[in-house]
Amino acid sequence: MNMGVQVSLGDPAFSSLEYVPRSGIAGSYAFFQDEDSCSDCSNQDKPGTRLQSFVPEGTTHFPEVFQTSHLLFYERFRAYQDYILADCKASEVREFTAEFLEKVLESSGWRAVWHTNVFEVLVEVIDVDYAALKAVVSLADPYLCDSPVSTFTLECMQELLELKEHRLPLQELWVVFDDSGVFDQTALAIEHVRFFYQNIWRSWDEEEEDEYDYFVRCVEPRLRLHYDILENRVPSGLIVDYRNLLSQCEESYRKFLNLRSSLSNCSSDSEQENISMVEGLKLYSEIEQLKQKLKLIENPLLRYVFGYQKNSNIQAKGVRPNGQKVTHVVASTMMTGLLWSLLRDRLCQEPSKEEIEIQFHGDPLSAINACYEGDTVIVCPGHYVVHGTFSIADSIELEGYGLPDDIVIEKRGKGDTFVDCTGTDIKISSIKFVQHDAVEGILIIHHGKTTLENCVLQCETTGVTVRTSAELLMKNSDLYGAKGAGIEIYPGSKCTLSDNGIHHCKEGILIKDFLDEHYDIPKISMVNNVIHNNEGYGVVLVKPTIFSDLQENVQDETEENNALKIQTSEEASAAERVELDELIQCATGKMELYARSDLSEQVEDNCEIVNELVAASTQKGQMKKKRLSELGITQADDNLMSQEMFVSIVGNQFKWNGKGSFGTFLF
């Protein structure tokens, strides 16, 4: 078998180690390859170990073991890519790993601590079964065992080993430290196997399609996610979601395997077999959807493009007990001239108006935290640095007193979010938000309506995210710098964009199609926006392939609408097609007013977006109709014209976007 890379005990790229200090830990070790790597290994090997050691915790005085758990990302990356897995397929992982171990693992003569969740015991390795990834062991003399349970006597442990035929998984062994350097490679090889099966390998991987390189498809993204989590680059909520999804998928896969095993024991054409087949199909579908969501989080690019479902824990305070509304004034320094201007322009515009309470704050975060329903926060000119999250759960107004460039709120630190909106009606205006060292978007609207007017958003990861059931009204604002999408629009949301600039982002606007079948279609209005200089598309529609696979047939529409491709079932009637044409004409009718020779390209871009969104809307409606029909339910209103996906998409300009004005991404 050709592994692509041959490894020998003398390979300096694997046997030579360089100590790399790392803040907060004992240290780690980097493989390096000398320029003279092709020379005889005897010239490269140096006496003595370069690995550190540690003493296992517990009451028993075990000998020191090799410290190998603090390897850096690129060390593991190179080991798996160049020496262990190479270009293997998922079904070949065990075979490639065994061949690697044969080349670097000492077959006998070393001791290890057998570590389980219940006990630790010292053993001596007398042989290695490379194909099974197991070591043949015997109890070391003297007998050393540490366990909170006192029943693990020498006789009990010998009996346990006999039941296991003295064969233990390599990943459960921690090699006893030896300063000669002879067992360095053994300790590192076992560490790579242990890490792989604890953090990378999934029980369903072997059943995945083998057309692609397993390292590229699975190992690299999972390895990156592991280190992103260690280095606090992933939101805490996303980490919880990922681990929950992983547990659900593992549990469903176990049920699926048990069901498949029981089916093989059933008599053919029995009623029980038919029931089990239906359950099996449901489990399979559930597993596929869970795996799809796991892949979204594992992929470092899609992780921020798609985000995750998150509900803010901040509860709305409601109206003050006395029913009074307060105006909060934020200023780093309050001068008499500024105070007079505020009284004239904001606070005392109507002399006959009843008295209002004014509270002064030195920073905007404390002002927002002090707000109740109906309060107003006025931020005076200045540069404010905050380290917390703006969690706005009540309907308030946050406005800058002056031009956005004069009122800058800068967030530092690795907090999960910058501005988190859950209030019923929130208004933000005339403020510049600057984001640094972020792991999530600059503004997230979970539910309720948020109005953003005359603001500047300098992003770090993604820009504005409009979650399901939330509403965004954004006008006369400027957004730039997002490493993901400038604006993410979720299914079931409402988004109105008017006279904005969205530029220098990974993607301009990202519209998410239906990740789950029950999501409603979004309602989108885009008027007179300038979307330019984005790395990818100006607007991109994201569609999961899992739903495309459910379609029975794909048909192209008539030549008049050849830009619009809609997947329909064989039962689609001619009447539905007429309604679809009417819907497109209705949606694009306003654009004809803009049709001038110098604007023809802009009109074409706007029409293309409309057509694709209508196609997605129609596809969704037909899938829902078919699903209800299978359940014997007939929809009362089956008119496509009732599915208003957007108010209007007109007058938008798309300039100098890397991949074009509009694109569709299948994941």
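Residues numbered from 1 in each chain as written. Predicted model: local features only at pLDDT ≥ 70, side-chain atom pairs only at ≥ 80, totals over all residues. Heavy atoms only, no water.

For the protein chain, an unreviewed UniProt entry supplies the name SHC SH2 domain-binding protein 1 and the organism Equus caballus. What UniProt records for the protein chain under Function (unreviewed entry) is the sentence "May play a role in signaling pathways governing cellular proliferation, cell growth and differentiation. May be a component of a novel signaling pathway downstream of Shc. Acts as a positive regulator of FGF signaling in neural progenitor cells." In its Subunit (unreviewed entry) section, the UniProt entry covering the protein chain states "Interacts directly with isoform p52shc of SHC1 via its SH2 domain. Interacts with TRIM71; leading to enhanced SHCBP1 protein stability. Interacts with both members of the centralspindlin complex, KIF23 and RACGAP1." (UniProt positions renumbered as here; feature names shortened; annotations may be inferred.)

Peer 1: Could you clarify how one ought to interpret the sheet that holds strand β20 (residues 432–435) in this entry?
Peer 2: Whenever strands of a sheet pair, they do so through backbone hydrogen bonds, lying parallel or antiparallel. The 8 strands are arranged β14-β17-β20-β23-β26-β29-β32-β37 in an open sheet whose pairing can be described as parallel. Looking at the sheet topology across the chains shown, the edges are occupied by β14 (382–386) and β37 (653–655). In this sheet, neighbouring strand axes are inclined to one another by 10° on average, regardless of whether the strands run parallel or antiparallel. In terms of strand pairing, strand β23 (residues 456–458) meets strand β26 (residues 478–480) through 3 bridges, oriented parallel. Residue pairing in the sheet places glutamine 458 in a bridge with tyrosine 480 of β26. (Pairing = 2+ DSSP bridges. Helix = DSSP H or I, 4+ residues; strand = E, 2+ residues; numbered from the N terminus. Axes fitted to C-alpha atoms, helices over the stretch in contact; angles between N-to-C directions.)

Peer 1: Where do I start with the environment of glycine 448 in this structure?
Peer 2: Tracing the chain through its elements places glycine 448 in strand β22 (residues 448–453). A relative accessible area of 23% places glycine 448 in the partly exposed class. A C-alpha to C-alpha distance of 8.0 Å links glycine 448 and isoleucine 426, two positions 22 residues apart in sequence. Sequence-distant contacts of glycine 448, that is, excluding residues within four places in its chain, are made with Gly423, Thr424, Ser469, Ala470 and Glu471. (Buried < 20%, exposed > 50% of the residue type's maximum accessible area, 1.4 Å probe, protein only. Contact = heavy atoms within 4.5 Å.)

Peer 1: Explanation requested: helix α6 (residues 184–200) in the structure shown.
Peer 2: Residues spaced three or four apart along an α-helix face the same direction, because each turn holds 3.6 residues. For α6, built from 17 residues, the straight-helix expectation of 24 Å at 1.5 Å per residue is met to within 8% by its first-to-last C-alpha distance of 23 Å. Most of α6 is tucked away: 14 of the 17 residues are buried. (Expected span 1.5 Å × (residues − 1).)

Peer 1: Whenever I open this one, the packing of helix α4 (residues 93–104) against α6 confuses me. Can you help?
Peer 2: Axis angle and axis distance: for two packed helices, these are the angle between their axes and the distance between the axes, and together they describe the pair. In contact at an axis separation of 10 Å, α4 and α6 are set at 165° when each is read in the N-to-C sense. Judged by the inter-axis angle, α4 sits roughly antiparallel to α6. Between α4 and α6 the crossing geometry is left-handed. Where α4 abuts α6, its residues Val93, Arg94, Thr97, Phe100, Leu101 and Val104 lie against Gln185, Thr186, Ala189, Val193, Phe196 and Tyr197. Grouping the amino acids of the contact of α4 with α6 by side-chain chemistry returns 8 nonpolar, 3 polar and 1 charged. (Parallel < 35°, antiparallel > 145°, perpendicular 65-115°, else oblique. Left-handed = near helix turned anticlockwise from the far one by under 90°. Nonpolar A, V, L, I, M, F, W, Y, C, P; charged D, E, K, R; others polar.)

Peer 1: What is the right way to look at the side chain of arginine 76 in this model?
Peer 2: Looking at the element boundaries, arginine 76 is found in helix α3 (residues 73–84). For arginine 76, a relative accessible area of 1% gives the class buried. A distance of 2.8 Å separates the side chain of arginine 76 from the side chain of tyrosine 227, its partner in a polar contact. In this structure, arginine 76 is in contact with Thr68, Ser69, Leu71, Glu191, His192, Phe195, Leu223 and Tyr227, ignoring residues within four places of it in sequence. (Polar contact = N/O pair within 3.5 Å; in protein donor to acceptor, adjacent residues only side chain to side chain.)

Peer 1: Would you mind showing me how to read helix α7 (residues 214–230) here?
Peer 2: Relative to the 24 Å expected for 17 residues at 1.5 Å per residue, α7 spans 23 Å between its end C-alpha atoms, a close match to the ideal helical length. Among all positions of α7, only Tyr214, Phe215, Cys218, Val219, Pro221, Arg222, Leu223, Leu225, Tyr227 and Asp228 are buried. Its side-chain oxygen placed 2.9 Å from the backbone nitrogen of phenylalanine 215, aspartate 213 serves as the N-cap of α7.

Peer 1: What should I look at first to understand the packing of aromatic side chains in this one?
Peer 2: In this description, a pair of aromatic rings is defined by centroid distance and the angle of the planes. All chains considered together, the criterion is met by 17 aromatic pairs. Ring centres 5.1 Å apart and planes at 75° place the aromatic pair phenylalanine 77 and phenylalanine 215 in the edge-to-face group. Here phenylalanine 215 lies in helix α7 and phenylalanine 77 lies in helix α3, a separation of 138 residues in the sequence. The exposure class of phenylalanine 77 is buried, given its relative accessible area of 16%. Residue class for phenylalanine 215 comes out buried when judged on its relative accessible area of 2%. A network of ring pairs unites the aromatic residues Tyr80, Phe196, Tyr197, Trp201 and Tyr214 as a single cluster. Positioned above the aromatic ring of phenylalanine 195, the side-chain terminus of arginine 76 is 4.0 Å from the ring centre. Against the face of tryptophan 174 rests arginine 194, its NZ or CZ located 3.6 Å from the ring centre. (Phe/Tyr/Trp six-rings, centres within 6.5 Å; stacked < 30°, edge-to-face > 60°. Lys NZ or Arg CZ within 6 Å of the ring centre and 35° of its normal.)

Peer 1: Teacher, can you tell me more about the pattern of salt bridges here?
Peer 2: Applying the stated criterion across every chain yields a total of 19 salt bridges. A salt bridge links glutamate 99 to lysine 103; its shortest N-O distance comes to 3.6 Å. Of the two residues, glutamate 99 and lysine 103 are both situated in helix α4; the distance of 4 residues between them amounts to about one turn of the helix. Several salt bridges converge on common partners, so that one network encompasses Arg202, Asp205, Arg222 and Glu298. (Salt bridge = Lys/Arg side-chain N within 4 Å of Asp/Glu carboxyl O.)

Peer 1: Even after reading the chapter, I still don't get unusual backbone geometry, so can you show me in this structure?
Peer 2: Outside of glycine, negative phi angles account for most residues, and trans bonds account for most peptide bonds. For the peptide bond that leads from aspartate 141 to proline 142, omega is 10°, which places it in the cis range. As for its position among the elements, proline 142 is in the loop between β7 (134–139) and β8 (145–146). Located in the positive-phi region is glutamate 165, a residue other than glycine, with phi close to 55°. For glutamate 165, the position within the fold is in the loop between α5 (154–163) and β9 (167–169). Even without being glycine, asparagine 533 reaches a positive phi, approximately 55°. Within the secondary structure, asparagine 533 sits in the loop between β32 (530–532) and β33 (537–543).

Peer 1: Whenever I open this one, the side chain of glutamate 488 confuses me. Can you help?
Peer 2: Looking at the element boundaries, glutamate 488 is found in strand β27 (residues 485–489). With a relative accessible area of 2%, glutamate 488 lands in the buried category. At 3.4 Å, the side chain of glutamate 488 and the side chain of lysine 512 are in polar contact.

Peer 1: Would you mind showing me how to read the pairing of strand β13 (residues 376–379) here?
Peer 2: The two faces of a sheet get side chains in turn, since along a regular strand they alternate between them. Because side chains alternate across β13, one face comprises the buried residues Thr376 and Ile378, and the other comprises Val377 and Val379, equally buried. In this sheet, β13 lies alongside strand β11 (residues 326–330) in parallel orientation, the contact comprising 4 bridges. Counterpart to valine 329 in the pairing with β13 is isoleucine 378. Two strands pair when backbone bridges link them, and β13 and strand β16 (residues 397–400) are joined in this way by 4 bridges, in the parallel orientation. By the bridge assignment, valine 377 is partnered in β16 with leucine 398.

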